[in-house]
Amino acid sequence: MSFKTKVLLFTLPFLLIFGFVTQEEQSVTANGIAKSVSQILQGIQEINANISQSSEVSGGIAREIAEVNQASAEMSNNAKSVSGNAVRLKGLSDDFNKLVSTFKV
């Protein structure tokens, strides 16, 4: 909103009360106010569109984080399973070595 429009918005009520504004000036001022309001509404619509877009992006990021979390949990479970299998395999290896050591060539 321009400085001139701001001044007119502020002074218009006083000018109208004391009769210092002509009908034409009132019309010009009203048109200026309407144009300013229209620009403000356009700005608000753009802000709303940006917020909506940001919300969609945030939702996508949240879904991706959840997927990464799930994959991480699966990897952790798999790592525990591999570790358990490795312990069992070591036990079998120890048992096998004991068994082999009892044979003499």
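Residues numbered from 1 in each chain as written. Predicted model: local features only at pLDDT ≥ 70, side-chain atom pairs only at ≥ 80, totals over all residues. Heavy atoms only, no water.

**Q** Just checking my understanding: could you explain the overall build of the protein chain for this structure?
**A** Summing up its helical and strand segments, the protein chain has 2 helices and 0 strands in all. Counting the 105 residues in the protein chain, one finds 6% classified as buried. (Helix = DSSP H or I, 4+ residues; strand = E, 2+ residues; numbered from the N terminus. Buried < 20%, exposed > 50% of the residue type's maximum accessible area, 1.4 Å probe, protein only.)

**Q** Please explain the pattern of salt bridges as it appears in this structure.
**A** Summed over all chains, the structure comprises 1 salt bridge. Ionic pairing is found between Asp94 and Lys90, a salt bridge with its closest N-O pair at 3.0 Å. Of this pair, Asp94 and Lys90 both sit in helix 2 (residues 23-101), 4 residues apart, which is roughly one turn of the helix. According to the relative accessible area criterion, Asp94 is partly exposed, its value standing at 31%. In this structure Lys90 comes out as exposed when scored by relative accessible area, which is 52%. (Salt bridge = Lys/Arg side-chain N within 4 Å of Asp/Glu carboxyl O.)

**Q** Sorry if this is basic, but what is going on with a nonpolar patch on the surface here?
**A** Together, Val37, Ile40, Leu41 and Ile44 give the surface a local cluster of nonpolar side chains, amounting to about 330 Å² of exposed area. Here Leu41 shows up in helix 2. Of the residues examined, Leu41 reaches a relative accessible area of 46% and is grouped as partly exposed. (Patch = residues over 30% accessible without salt bridge, like charges linked within 9 Å, V, L, I, M, F, W, Y side chains within 5 Å. Areas by Shrake-Rupley, 256 points an atom, 1.4 Å probe, with all protein chains shown as cover.)

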